[in-house]
Amino acid sequence: MSRQITGLKPTGHLQLGNYLGAIAPAVRAQHQTDLLVFVADLHALTVDHDPGQLSGLTREVATLLLAAGLDPAHCTLFVQSQVPEHVQLHYLLECAATYGEAHRMIQFKEKAKAQQQVRLSLLSYPVLMASDILLHDIDEVPVGDDQSQHLELTRDVATRFNAKYGHTFVVPKMVHQVFAARLMDLSDPSAKMGKTGSSGAGVLFLLDPPEALRRKVMRATTDAGREVSYDRAARPGVANLLDLLASLTDGSPQALADQFSSYAELKGAVADAVIETVRPIQRRYAELTADPAQVDAVLREGASRARDRASATVRRTTEALGLLTS
Ligand code: TYM
């Protein structure tokens, strides 16, 4: 059975791109793979953050993951900072990764450009991500398009480390989604839908009330044409809506395009599908928030399970590097 991992940063409220790109595939994968899912709270520290909000957002993300269908009997769910081996391995891998390769990361360049004070941890972010993956002997990492470059770096570091210090790490493969590998912002189809960084008008948050979701979909940017056709380059807004509908209904965007004679009709169908998808998640979320001790217990148990393997990897790595281990 292959082992997979997926991580989500608690930098804001989860949105539908997180659901389609990471959560829904994880919910499906938990029955076929040995699955680890974690809340990447240390990653949230790489940009300016509000310490008063972080633990609340961390719990919100964990609770939403359970509400969306992750079952602790079938996967290991934990919070990154509660498995301190992530930090230990991060430092050890920093000694095997180079400044040049971290500096080349597109996400670093984009995020650094938008800030006056760039944290050093933003530069080494992909090395922490590599440690998240290599720590748990992961075979496959399902990620949205935005994370491909980070995955390549993980593979490079693991391969280099193994060649230089002896076989220590499993070199993981990347797994891509077919549709909605990158769900775009509804008001700006040239930008990825994200938890942060936009006004939120084009972002479908998983905890948005149904009427807000419908309003955002009905106001989505399309173009001046009328005919519904799937053309990513010429009609990115319409293509994004078709991709979204396709991933929510397991259809194909091209075939769906033929079913609608106007943008309004398409938007109505998208809004219905989005609301139907989030309704049971929101209901379960409300139940779980009534009992936060239950969520905390799941996270404690998950961290303890994750630490068993993690400590073995750190030990193997320190030995390979020649550090004194006893
Ligand atoms: P984060 O929190 O930005 O996103 C979590 C997951 O959601 C996917 N995603 C999307 N997929 C499709 N369309 C979108 N608009 C969209 N927005 C987000 C992301 O691809 C991701 O799978 N660096 C990671 C967190 C992380 C991680 C890891 C992931 C840290 N360590 C190790 C996997 C393995 C991140 O920023 O996720």
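About the thresholds
- Each chain has its residues counted from 1, following the order in which its sequence is written.
- Only residues with pLDDT of 70 or above have their local features reported here, since the model is predicted, and side-chain atom pairs are shown and tallied only from 80 upward, although totals for entire chains, interfaces and linings are computed over all residues.
- Side-chain calculation: all heavy atoms of the structure are included, whereas hydrogens and water are not.
- UniProt positions are given in the numbering used here, feature names are shortened, and annotations may be inferred rather than shown by experiment.
- Strands are runs of DSSP state E lasting at least two residues, helices are runs of H or I lasting at least four, and both sets are numbered from the N terminus onward.
- Between buried and exposed lies partly exposed: a residue is buried under 20% and exposed over 50% of the maximum accessible area for its type, with that area taken using a 1.4 Å probe on protein chains only.
- Contact definition: two residues touch when any of their heavy atoms are within 4.5 Å.
- As used in this structure description, the phrase polar contact means that two N or O atoms lie within 3.5 Å; if the pair is within protein, one of them must be able to donate a hydrogen and the other to accept it, and residues adjacent in sequence are counted only when both atoms belong to side chains.
- A helix's residues, less one, multiplied by 1.5 Å, set its expected span.
- Here the bend at each residue means the angle between axes fitted to two seven-residue stretches, the one ending at that residue and the one beginning there.
- Axes, fitted as lines to C-alpha atoms, cover a helix only where it is in contact. Angles between the N-to-C directions of the axes lie from 0 to 180 degrees.
- Reported orientations rely on four angle classes, namely roughly parallel under 35 degrees, roughly antiparallel over 145, roughly perpendicular from 65 to 115, and oblique for the rest.
- The hand of a helix crossing depends on one turn: near helix anticlockwise from the far one by less than a right angle means left-handed, and clockwise means right-handed.
- Amino acids outside the nonpolar list (Ala, Val, Leu, Ile, Met, Phe, Trp, Tyr, Cys, Pro) and the charged list (Asp, Glu, Lys, Arg) are all regarded as polar, and Gly is one of them.

**A short note on the UniProt feature "binding site: L-tryptophan" (unreviewed entry) in the chain**
UniProt records the feature "binding site: L-tryptophan" (unreviewed entry) at D132, using the numbering of this structure. Mapped onto the secondary structure, D132 falls in helix α7 (residues 125-134). Judged by relative accessible area, which is 2%, D132 ranks as buried. The residues touching D132, leaving out its near neighbours within four places in the chain, are I5, F38, H43, Q80 and H86. A polar side-chain atom of D132 sits 2.8 Å from a polar atom in the side chain of H86.

**Let's talk about helix α1 (residues 16-29)**
Between the first and last C-alpha of α1 there are 18 Å, a value that for 14 residues agrees with the 20 Å anticipated at 1.5 Å per step. At I23, α1 shows its largest bend, some 35°, and a proline, P25, comes one to four positions later. Extensive coverage of α1 is indicated by the burial of 13 of its 14 residues. With a side-chain oxygen lying 2.6 Å from the backbone nitrogen of G17, the N-terminal cap of α1 falls on Q15.

**Quick look at the packing of α7 against helix α8 (residues 148-165)**
Where α7 meets α8, the closest approach of the two axes is 9 Å, and the angle between their N-to-C directions is 65°. The angle between α7 and α8 falls in the class roughly perpendicular. Relative to α8, the crossing made by α7 is right-handed. In this structure, α7 uses Y125, P126, V127, M129, A130, I133 and L134 to contact α8, whose residues at the interface are H150, L151, L153, T154 and A158. Classifying every residue of the contact of α7 with α8 by side-chain character gives 10 nonpolar, 2 polar and no charged.

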